[in-house]
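Now for the letters of each chain:
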Amino acid sequence: MEQPNKKPPKAFAWVFMAAGIGIILIAFEVILVDESAVNAPLWVIGICGLVFFLAGVMIFLGEKSQYNNLLAAILVAAMGTIGSWVAFFGTDDGFSGGIPFLSADSNLSLARLMFGFGGLVCFLIAGYALKQQFAKKEKSE
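Residues numbered from 1 in each chain as written. Predicted model: local features only at pLDDT ≥ 70, side-chain atom pairs only at ≥ 80, totals over all residues. Heavy atoms only, no water.

Structurally, the position occupied by asparagine 107 is in helix α4 (residues 104–140). Note on asparagine 107: relative accessible area 13%, which makes it buried. Taking C-alpha positions, asparagine 107 is 8.1 Å from glycine 97, a pair spaced ten residues apart along the chain. Excluding anything up to four places from it in sequence, asparagine 107 contacts Gly97, Gly98, Ile99 and Leu102. (Helix = DSSP H or I, 4+ residues; strand = E, 2+ residues; numbered from the N terminus. Buried < 20%, exposed > 50% of the residue type's maximum accessible area, 1.4 Å probe, protein only. Contact = heavy atoms within 4.5 Å.)

Pasting the structure below:
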């Protein structure tokens with residue numbers, strides 16, 4: 001028995017888009033926040049907002065949209081940019097937790113390695129999504 005393909009309610013799309021716009025407005029300093037609460041450059045904050053906004057747009061358009069792969073590529077590349085920034089430029093005190101019995105330096109190096117690897121995987125997924133986007137256009141022509 002096949003399950004019906006239930007679409008998420010459009011309200012989710014609006015919530016994600018509104019959250020993304022709010023975060024982007026913080027990045028552009030339209031909405032002011034306490035500077036001690038900001039742990040990354042404003043451009044990274046703006047990319048975080050873009051991730052939320054694009055997620056909302058993708059929910060709103062649905063999975064059958066002709067722009068789905070393009071939007072997915074941008075979204076995942078943005079996530080890779082955030083992860084890569086954390087790996088290379090995140091402050092040491094921004095990392096917490098870790099594997100017991102490893103030194104703090106080893107846990108820090110491991111955390112940076114994992115964020116960097118995650119960023120690389122995101123960029124590879126983005127490349128694949130772009131390939132899918134443009135392969136569709138070539139097939140339809």
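After presenting the structure, the write-up continues.
Scanning the model with the defined rule gives one salt bridge in all. Of the charged contacts in the structure, one is a salt bridge between aspartate 92 and arginine 112, with a shortest N-O distance of 2.7 Å. Here aspartate 92 is found in the loop between α3 (68–89) and α4, whereas its partner arginine 112 is found in helix α4, with 20 residues between them in sequence. (Salt bridge = Lys/Arg side-chain N within 4 Å of Asp/Glu carboxyl O.)

Right, let's get into the nonpolar core. Counting residues in each nonpolar core, the largest one holds 15 residues, and the members touching the most others are Val51, Met58, Leu71 and Leu75. At the level of secondary structure, the elements contributing two or more residues to this core comprise α1 (10–27), α2 (42–61) and α3. Residues within four places of leucine 75 in sequence aside, it is in contact with Val51, Leu54, Ala55 and Met58. Within the second largest apolar cluster, nine residues are counted, among which are Val44, Val86, Phe95 and Ala111. (Core = buried A, V, L, I, M, F, W, Y, C linked by side-chain atoms within 4.5 Å.)

Once that is clear, we can look at the side chain of asparagine 68. With respect to the element layout, asparagine 68 can be found in helix α3. With relative accessibility at 19%, the residue asparagine 68 sits in the buried group.

Another aspect to go through is the packing of aromatic side chains. Considering all chains together, one arrives at four aromatic pairs under this definition. Consider the rings of phenylalanine 88 and phenylalanine 89, whose centres lie 6.4 Å apart with planes at 55 degrees: the pair is tilted. Just as phenylalanine 88 is exposed, phenylalanine 89 falls in that class too. For the pair phenylalanine 95 and phenylalanine 115, a centre-to-centre distance of 5.9 Å together with 70 degrees between the ring planes defines the contact as edge-to-face. Here phenylalanine 95 is found in the loop between α3 and α4, whereas its partner phenylalanine 115 is found in helix α4, with 20 residues between them in sequence. Look at phenylalanine 95 and you get buried, because its relative accessible area is 18%. Looking at phenylalanine 115, the relative accessible area reads 38%, which means it is partly exposed. Sitting over the face of the ring of phenylalanine 60, lysine 10 holds its NZ or CZ atom 5.0 Å from the ring centroid. (Phe/Tyr/Trp six-rings, centres within 6.5 Å; stacked < 30°, edge-to-face > 60°. Lys NZ or Arg CZ within 6 Å of the ring centre and 35° of its normal.)

Here we come to unusual backbone geometry. Positive phi, close to 60 degrees, is recorded for glutamate 29, a residue that is not glycine. With respect to the helices and strands, glutamate 29 occurs in the loop between α1 and α2.

For the chain, the mean per-residue pLDDT works out to 91, and 92% of the residues sit at or above 70. By mean pLDDT, the top-scoring element of the chain is α3 (97), and the lowest-scoring one is α4 (91). (pLDDT = per-residue confidence, 0-100.)

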